[in-house]
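Structural characterization, general
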Amino acid sequence: MRQISCRTDRCDNHRGKLAHRRSWWLMVMTALTLAGASHAVEPVWITTGGEECPLLRREFTLDAAPHAAIVKIVGLGHFQLFVNGRRAGDAAIHQPWSQYNKTIYYEEINITDLLREGENAVGVMLGNSFWVNPPAPQGRYHKNGPETNFGTRFLLRFELDIEMAGGEWTRVVSDEHWKTTAGPVTFSHIFGGEDYDARLCPDGWAAPGFDTDGWKAAIATAPPAARLAKQNWPPIREKQVFPAKDIVAAGTNVFHVFFSQNASAILRFTVEGRAGQSFTIQPSEYRTDEGKFMKPRWGAPVLFNYTCKGGGPETHQWLFQYQGFQAIELTGAVPASQPNPDGLPVLQKLEMVHVHTDLPEAGTFRTARPVYNGTHELIDWAIRSNMTYVLTDCPHREKLGWLECAYLLAPTFCYRYDCREWFAKITRDIREAQEPSGRILTVAPSYPETRFPDAFHWTVEWGAAGAILPWHHYVWYGDPQILRDNFDCMRRFVDFVASASTDSIAPAGLGDWYDYGHGKPPGPSRFTPTDLTATAVQVMCIDAVIRAAEVLDRPEAVARYRALREATAAAFLKRFYHPETKTFTNTGSCQCAHTIALTAGLAPEADRQAVLDAVVADLAKRDWQQTPGDVGHVFFIRALAEGGRSDVLHRVYSREGKGSYGGILAKGLTAMPETWDAMNDGYQSHNHCMLGHVIEWFYGYVGGIRQQPGGIGWKRILIAPEPGPLAQADVTFASPAGRITSRWRVADGTFQLEVDVPEGVVAELVLPDGSRKNVGAGHHAAACPYVPERE
């Protein structure tokens, strides 16, 4: 193995074509070992002299073009990598957020096609993230609570292994030979925005032959205490591109630019102006009811400032920050189509580029009912916009991994996307954030300075993700390793909640957050006692621990937690159930209390039908308005669907008035909002996935694709559509066991079903008339008489 001589790179927006070779790194390490590379140079962690968002670079020489070249890189907080002046890697924003004191992820990037014979250069630009997240300066937005400081503000660990055609290996690593200087990003903040001064980006800084006169040597520093782990799920990538749709003059040198979609995105533009001219962009997801631009009202603004280099058109995009938005306010520059009497910079092109963790799509859903199709798309945009390095609740003011969505929406996410590795990463975040007591807070990663008041800091229904998500992952994907990895976390959380309980009743918290129909502002549960939902969810967590212990063959744990469940269930019934009326305690609507009790198996067996009937009666008197919120909604769906009342759910989700999915669509929103009535106050989010649980029912009951009771890993499935009043549905699902399709039509009094079942899977077809048929792999058809339900 040969050590490389040093020298550095250039700012260029082109990207190399990269092929990810998962087994290649093992080959490299094996070859290095066989070559006697125990003396191979190892990377060291390097930093800079304190410059804001620094540039780092190094040059090296190759005798020939390489056969293969893989970089393993950590760049804290975020990074962009350049090789010979071209941007490397296909991530929009590199470097995952994590529980940084426990695990830091490295990314592998194939740069074979970017290297060449002779002089080569690599360059790295660093920006801020949650790694170090101080309060934003005055005038910039900051989410109070998640301040963090895990160590040296900017850190780089770089390891490039190069295989030559003749089998020789060469390595380039981070060390004191790298050179560094301040970069063009003059402000970078995970919440506050990003400023870029193009005059400070030296031409050719990431290309060979660049003169580093005035640059400093990088500084070797101690490595962080966390262990390194490979990022094994897809990065955040650039996806759909939306051009500017409408431009409205809004005052002197101020313009409002609207795009056609509300999404997590970065802004890309081409501008021409004189050196030193600058302009400001403020994104927003809000429009007034009249369609005008509305600034967010949740604090100081998120701002993006750009200063021109001059000398011709300049193309730029946000580097270390994304936002949830559908419009921008542009101050100090002029879109190309507008008058420009003051000679301001001219924006020749403006594009909103949607970005999200690029999980493979798994499911498709289409019916003859536009409100169902629109609802699916509405929720899907909120899912994608919150699918980043954690599952965020919104892509603008929060960007935090609030945990209730991680398990309550897990089937919804998994029907649409392959979440195997991503959800496994989230379970790692949770267990690494778990406190020594076993308590799991509302947010993971949970940064040391992240402290919110009262129940926002910890509440059972949020921490429950630590117990329920690993069990869901096992049931869905069929790999017991997820239970081995998380069993200790699961049982410790259950033990903590038990220790914090009073007479086996779990401590009250936020409860059914944002429930609806009570006429009061949104917030903690109004209809359902918060200790009722907390205790019901605790029982679900105990059940997850029992089942995991059975899979892992831990009989002592099974016995122990069965006893805990029995005591908790008995306390729940004693406190909340009224046998004389067959009702659970509520203050005006029983929908959440009854359905969470049914789903948790807490309603007396003889009374289950009466408990469910009370939910239907409450819906009927409300003209089929659902009342559950963030926590209760998914159990509302499951209790009714599993109780054979999808006819009721069809009525609920076909509504188009206020407080419904159809009503949200009628308002013109393009992503699922935070509230059932789509409050447009400039604070409530218009891109929140937390009420999107209906996708689980769309796939599992309208399409009918679900696992048989007790099924694991999609080896035994049901295809049991419940068409209700619909005339047609086409549903596909790339399950962990293979592709499943369910296509059905209702015509001339006949229900006609066609299905595809993958190899190795056994399916039971269940038709609306109750007839059943067992089938194996292949294409199958079935039919029965059917008259669509009247609405």
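Up top you'll find the structure we're talking about.
Let me begin by describing the structure that accompanies this report. (Residues numbered from 1 in each chain as written. Predicted model: local features only at pLDDT ≥ 70, side-chain atom pairs only at ≥ 80, totals over all residues. Heavy atoms only, no water.)

Looking at the overall build of the chain
Put simply, the test is: Working definition: helices are DSSP H or I runs of at least four residues, strands are E runs of at least two. Numbering for both runs from the N terminus. To be clear on the numbers: accessible area is Shrake-Rupley with a 1.4 Å probe, and residue cover counts the displayed protein chains and nothing else. In this charge count, Lys and Arg are treated as positive and Asp and Glu as negative; neither His nor the chain ends contribute. Lys charges are placed at NZ, Arg charges at CZ, Asp charges at CG and Glu charges at CD.
Summing up its helical and strand segments, the chain has 16 helices and 41 strands in all. Overall, the chain is about 85 × 70 × 55 Å in size when its C-alpha atoms are taken along their principal axes. Accessible surface, the chain: about 27,900 Å² in total, of which carbon and sulfur atoms supply 49%. On the chain, the mean spot of the 78 positive side-chain charges and the mean spot of the 88 negative ones are 1 Å from each other.

Some words on helix H14 (residues 646-653)
Just so we agree on the cut-off: Any residue under 20% of the maximum accessible area for its type is buried, any over 50% is exposed, and the rest in between are partly exposed; the area is computed with a 1.4 Å probe on protein chains only. Here, residues are in contact when the closest pair of their heavy atoms is within 4.5 Å.
H14 sits mainly inside the fold: 6 of its 8 residues count as buried. Buried within H14 are the following residues: Ser646, Val648, Leu649, His650, Val652 and Tyr653. Contact partners of the buried residues in H14: helix H2 (370-385), helix H12 (608-621), helix H13 (633-642), helix H15 (661-666) and helix H16 (694-702).

What about the packing of aromatic side chains?
Note the cut-off: Any two of the Phe, Tyr and Trp rings considered here, Trp counted by its six-membered ring, make a pair once their centres fall within 6.5 Å; the pair's planes then place it as stacked at under 30 degrees, edge-to-face at over 60, or tilted in between.
Across all of its chains, the model carries 52 aromatic pairs by this definition. Their ring planes at 90° and their centres at 5.0 Å tell us that Tyr105 and Trp233 sit as a pair that is edge-to-face. Note that Tyr105 is positioned in strand S7 (residues 103-110) and Trp233 in the loop between strand S18 (227-230) and strand S19 (236-243), a separation of 128 residues in sequence. In this pair, the class of Tyr105 matches that of Trp233, namely buried. Look at Tyr141 and Phe191: their rings are 6.0 Å apart centre to centre, the planes differ by 85°, and that puts the pair in the edge-to-face class.

Points about empty space enclosed by the protein
Rolling a probe over the atoms, with the probe sized like a water molecule, indicates the empty space that remains. Our working definition: The definitions used throughout rest on a 1 Å grid laid over the protein atoms alone, on which a cavity is an enclosed set of points accommodating a 1.4 Å probe that cannot get out and a pocket is an open set flanked by protein within 12 Å on both sides along at least five of seven lines; lining residues are those having an atom within 4 Å of a point. Grid points are joined across faces, edges and corners, and a volume is the space filled by probe spheres set on the points. Note that Gly is not counted as nonpolar here; it falls among the polar residues with everything else outside the nonpolar set of Ala, Val, Leu, Ile, Met, Phe, Trp, Tyr, Cys and Pro and the charged set of Asp, Glu, Lys and Arg.
There is about 60 Å³ of room inside the largest cavity. Lining of the largest cavity is provided by Glu194, Tyr196, Phe269, Phe279, Ile281, Phe304, Asn305, Tyr306, His316 and Trp318. Listed by contribution, the elements that provide at least two residues to the lining of the largest cavity are strand S15 (193-197), strand S22 (278-284) and strand S25 (303-307). Examining the composition of the lining of the largest cavity, we find that 3 residues originate from one element, S25, more than from any other. The class makeup of the residues in the lining of the largest cavity is 7 nonpolar, 2 polar and 1 charged.

Focus on the packing of H14 against H16
As a reminder, the rule being used: Between the N-to-C directions of two axes lies an angle of 0 to 180 degrees, each axis being a line fitted to C-alpha atoms and, for a helix, fitted only over the stretch in contact. When describing relative orientation, an angle under 35 degrees is termed roughly parallel and one over 145 degrees roughly antiparallel, while 65 to 115 degrees is termed roughly perpendicular and anything else oblique. Crossing handedness follows the turn of the near helix against the far one: under a right angle anticlockwise gives a left-handed crossing, and clockwise gives a right-handed one.
Running from N to C, H14 and H16 point in directions that differ by 135°, and their axes come no closer than 12 Å. Regarding the angle of H14 to H16, the classification is oblique. The element H14 and its partner H16 pack so that their crossing is left-handed. Each of Ser646, Leu649, His650 and Tyr653 in H14 lies in contact with H16, whose residues at this interface are Val694, Trp697, Tyr701 and Val702.

Some thoughts on the sheet that holds strand S40 (residues 772-775)
The following threshold applies: We call two strands paired when DSSP finds no fewer than two bridges between them.
Across the sheet, which stays open at both edges, the 4 strands sit in the order S34-S35-S39-S40 with mixed pairing between neighbours. With one partner strand each, in any of the chains shown, strand S34 (705-707) and S40 form the two edges of the open sheet. Each neighbouring strand pair of the sheet contributes to a mean axis angle of 25°, computed without reference to strand direction. The sheet contact formed by S34 and strand S35 (residues 716-719) spans 3 bridges and is antiparallel. Within S35, the residue paired with Ile705 across the bridge is Ile719.

Here's the deal with unusual backbone geometry
A cis amide bond links Leu76 to the next residue, Gly77, at an omega of -5°. For Gly77, the position within the fold is in the loop between strand S4 (68-76) and strand S5 (78-83). Within the chain, Asn84 stands out as a residue other than glycine whose phi angle is a positive 50°. One can find Asn84 in the loop between S5 and strand S6 (86-88). We classify Asn84 as buried; its relative accessible area is 7%. One non-glycine residue, Asp454, lies in positive phi territory at about 50°. On the secondary structure map, Asp454 appears in the loop between strand S31 (449-450) and helix H6 (460-463).

Focus: the sheet that holds strand S8 (residues 118-127)
Across the sheet, 6 strands lie side by side as S6-S5-S8-S3-S13-S16; this open sheet has antiparallel pairing. Bordering the open sheet on either side are S6 and strand S16 (216-217), each of which pairs with just one other strand.

Thoughts on the pairing of strand S27 (residues 323-331)
Extensive coverage of S27 is indicated by the burial of 8 of its 9 residues. Taken together, the 8 bridges between strand S21 (residues 254-272) and S27 define a ladder with antiparallel strand orientation. Looking at the pairing, Val257 lines up with Ile328 of S27. One ladder, built from 5 bridges, connects S22 with S27; its direction is antiparallel. Paired with Ser284 across the two strands is Ala327, which belongs to S27.

Quick word on the environment of Ile73
As for its position among the elements, Ile73 is in strand S4. Dropping the residues within four chain positions of it, Ile73 is found in contact with Phe79, Leu81, Gln95, Tyr106, Glu107, Ile109, Val124, Leu156, Arg157 and Phe158.

Points about the pairing of S7
Counted residue by residue, S7 has 8 buried out of 8 residues, so it is predominantly covered. Alignment of S4 against S7, held across 4 bridges, turns out to be antiparallel. Paired with Val71 across the two strands is Ile109, which belongs to S7.

Comments concerning the pattern of salt bridges
As a reminder, the rule being used: A side-chain nitrogen of Lys or Arg and a carboxyl oxygen of Asp or Glu constitute a salt bridge if their distance falls within 4 Å.
Counted according to the given criterion, the structure contains 41 salt bridges. Among the ionic pairs, Asp358 bridges to Arg237, the shortest N-O distance being 3.1 Å. One end of the pair, Asp358, is in the loop between strand S29 (346-357) and strand S30 (363-367); the other, Arg237, is in strand S19, with 121 residues separating them in the sequence. On the basis of relative accessible area, Asp358 is assigned to the buried category, the value being 17%. Between Glu351 and Arg268 there is a salt bridge, with its nearest N and O atoms 3.1 Å apart. A residue pair is termed long-range when its members are at least 10 positions apart, and Glu351 in strand S29 and Arg268 in strand S21 qualify at 83 residues. Each member of the pair, Glu351 together with Arg268, is buried.

With respect to the packing of helix H7 (residues 465-477) against helix H9 (residues 530-551)
Each pair of packed helices can be described by the angle between their axes along with the distance between the axes. Following both chains from N to C, one finds H7 and H9 inclined at 45°, their axes separated by 9 Å at the closest point. Here H7 lies oblique to H9, going by the angle between them. For H7 against H9, the interelement crossing comes out left-handed. Contact residues: H7 offers Ala467, Ile468, Trp471 and Tyr474, while H9 offers Met540, Cys541, Ala544, Arg547, Ala548 and Val551. Split into classes, the residues belonging to the contact of H7 with H9 amount to 9 nonpolar, no polar and 1 charged.

Concerning the side chain of His142
So the rule is basically this: Pairs of N or O atoms are called polar contacts if they sit within 3.5 Å, as long as, within protein, a hydrogen donor faces a hydrogen acceptor (for residues adjacent in sequence, only side-chain-to-side-chain pairs).
With respect to the secondary-structure elements, His142 resides in the loop between strand S9 (132-133) and strand S10 (146-149). A distance of 3.0 Å separates polar atoms of two side chains, one belonging to His142 and the other to Glu147. Excluding residues that lie within four positions of it along the chain, His142 makes contacts with Asn133, Pro134, Pro135, Ala136, Glu147, His189 and Phe191.

Examining the side chain of Thr392
Structurally, Thr392 is set in the loop between H2 and helix H3 (404-408). Within the structure, Thr392 has its side chain in polar contact with the side chain of Asn386 (distance 2.7 Å). Discounting chain neighbours no more than four positions away, the residues touching Thr392 are Trp97, Tyr322, Ser385, Asn386, Lys399, Leu400 and Cys689.

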